[in-house]
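Descriptive analysis of the structure
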Amino acid sequence: MTTQPNEINSNSELDEPVVPELSVPVEQGANPEQQDVIGQFFKDGSAEIAADFRCGFVAIVGRPNVGKSTLMNHLIGQKLSITSRKPQTTRHKIVGIDTRDNVQAVYVDTPGMHKKEVRAINKMMNRAASSALRDVNLVLFVVDSMKWVPDDELVLEKLKNADMPVIMVINKVDTIEEKRTLLPLIEQHGKRMNFSNIVPVSALRGSNLDHLHEVIAKYLPFAPPMYAVDQLTDRSERFLASEIVREKIMRQLGEELPYDLAVQIESFKEEPATVNEKTGKPKPACLYIDATILVERQGQKLIVIGDKGRKLKQIGMEARIDMEKMFEQKVMLTLWVKVKGGWSDDERALKSLGYSDI
């Protein structure tokens, strides 16, 4: 680990950089633009689109911590939305694109809807989730198989006015000990609203997702694909990098986690593969990423850094490994921690950090 001495400014905020150690680089060869897992164009621009091709937007909604992000990741077969046991992990609308056979489903993973709108960030998250219901072709309403709470009722009330099909997805059915209770549970939920379909699944274990794919396809309109067949998301690589760092913070800190934190990518720069003129040895391409973790109080900063920087180093190492898998090249990640008081209750600050309610 490489660290730099603390610098104290007029506001007495400490900056702590950590450069995690690099792992063994992945195989090189292709140009970084060709390696990008989020391709922007069709591989074969002359490919013909079948007349019965279906394409549409699918909003994934529900209260916090019911497994919406896990469901989307497994539906598209790629991790895009970050996950943790902490409620309200997802703060942005994340678009995941799944193209298979003659169907392209464009999933919109949303923040969990909740009644307590204490700060600007909570209000913005609720508006982002509600706005996802605009101009979509289908809604997946995700609920927990084990309980129904007031926040579920909040989502249900919004969906009763929806003018598109709504599929209830009963998640975490693997946690039901008595399987004979599943059918009565489906019947009970069916009385809450006239759902187009009710599908029990286990997103984490991938159970019954093939059937869910088939059900979703039936409700999408006949239309050509809106995105390249190999494109996975419309989010930028910088955004995905910031979300990876935030996920590792949440997983590392658990209950210690200061909720008031955000991750901002300060620098995202690629250096192509080169050859040392003196030694003739190749130097692999490398992606240099500088990220700042913003917290609201000095005490929160100390929690994120940990004793002698151990927590921050672990966060950085785990984030870098995931980034190397996603971007398919070597990554050098540098993390900083800064105090920025009041950012989570300031809409202008939130928008500057990439938060949006539309």
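Refer to the structure presented above.
A few points on the structure. (Residues numbered from 1 in each chain as written. Predicted model: local features only at pLDDT ≥ 70, side-chain atom pairs only at ≥ 80, totals over all residues. Heavy atoms only, no water.)

**Concerning the pattern of salt bridges**
Applying the stated rule across the entire model yields 12 salt bridges. Lys 160 is the salt-bridge partner of Glu 157, the closest N and O atoms lying 3.2 Å from each other. Of the charged contacts, one joins Glu 178 and Arg 180 as a salt bridge, the two residues approaching to 2.7 Å between their closest N and O atoms. Judged by its relative accessible area of 40%, Glu 178 is partly exposed. Residues participating in the shared-partner salt-bridge network are Glu 247, Lys 248, Arg 251 and Asp 322. (Salt bridge = Lys/Arg side-chain N within 4 Å of Asp/Glu carboxyl O. Buried < 20%, exposed > 50% of the residue type's maximum accessible area, 1.4 Å probe, protein only.)

**Examining the sheet that holds strand 11 (residues 330-339)**
Read across the sheet, three strands follow the order 7-10-11 without closing on themselves; strand pairing throughout is mixed. Only two strands of the sheet have a single neighbouring strand rather than two, namely strand 7 (261-271) and strand 11. Within this sheet the neighbouring strands show an average axis-to-axis angle of 15 degrees, counted without direction. Along the sheet, helix 8 (residues 298-305) contacts strand 7, strand 10 (286-295) and strand 11; its crossing angle with strand 11, the most-contacted strand, is approximately 155 degrees. Across the sheet, helix 9 (residues 310-327) lies against strand 7, strand 10 and strand 11, angled at about 140 degrees from strand 11, the strand it touches most. (Pairing = 2+ DSSP bridges. Helix = DSSP H or I, 4+ residues; strand = E, 2+ residues; numbered from the N terminus. Axes fitted to C-alpha atoms, helices over the stretch in contact; angles between N-to-C directions. Contact = heavy atoms within 4.5 Å.)

**A word on the pairing of strand 10**
Side chains on a regular strand alternate between the two faces of the sheet. By the criterion of burial, strand 10 is predominantly enclosed, with eight of the 10 residues buried. Where strand 10 and strand 11 come together, 10 bridges link them in parallel fashion. Each residue of the ladder has a partner; that of Asp 290, found in strand 11, is Thr 334.

**Details of the sheet that holds strand 5 (residues 166-171)**
Strand pairing in a sheet relies on backbone hydrogen bonds. The paired strands run either parallel or antiparallel. Here we have six strands laid out as an open sheet, ordered 2-3-1-4-5-6, and mixed in their pairing. Each of the sheet's edge strands pairs with one partner strand only, and the pair in question is strand 2 (94-100) and strand 6 (197-200). In this sheet, adjacent strand axes meet at a mean angle of 25 degrees when their direction is disregarded. Looking at chain direction, strand 2 and strand 3 (residues 103-109) are connected through seven bridges and run antiparallel.

**Overview of the side chain of Ser 145**
The topology assignment puts Ser 145 in the loop between strand 4 (138-144) and helix 4 (150-159). Only 2.8 Å separates the side chain of Ser 145 from the backbone oxygen of Lys 172, close enough to count as a polar contact. Ignoring any residue separated from it by four or fewer positions in sequence, one finds Ser 145 in contact with Ile 170, Asn 171, Lys 172, Val 173, Thr 175, Ile 176 and Leu 185. (Polar contact = N/O pair within 3.5 Å; in protein donor to acceptor, adjacent residues only side chain to side chain.)

**Some points on the packing of aromatic side chains**
On inspection of all chains with the given rule, the structure shows three aromatic pairs. Their ring planes at 75 degrees and their centres at 6.2 Å tell us that Phe 141 and Trp 148 sit as a pair that is edge-to-face. With a relative accessible area of 0%, Phe 141 lands in the buried category. Ring geometry for Phe 141 versus Phe 195: centroids 6.3 Å apart, planes at 35 degrees, classification tilted. With Phe 141 in strand 4 and Phe 195 in the loop between helix 5 (182-190) and strand 6, this residue pair connects regions lying 54 residues apart in the sequence. Taken together, the ring pairs connect Phe 141, Trp 148 and Phe 195 into an aromatic cluster. Geometry around Phe 222 places Arg 54 over its ring, the cationic atom sitting 4.0 Å from the centre. The lysine or arginine in question, Arg 235, covers the ring of Phe 239, its NZ or CZ lying 4.1 Å from the ring centre. (Phe/Tyr/Trp six-rings, centres within 6.5 Å; stacked < 30°, edge-to-face > 60°. Lys NZ or Arg CZ within 6 Å of the ring centre and 35° of its normal.)

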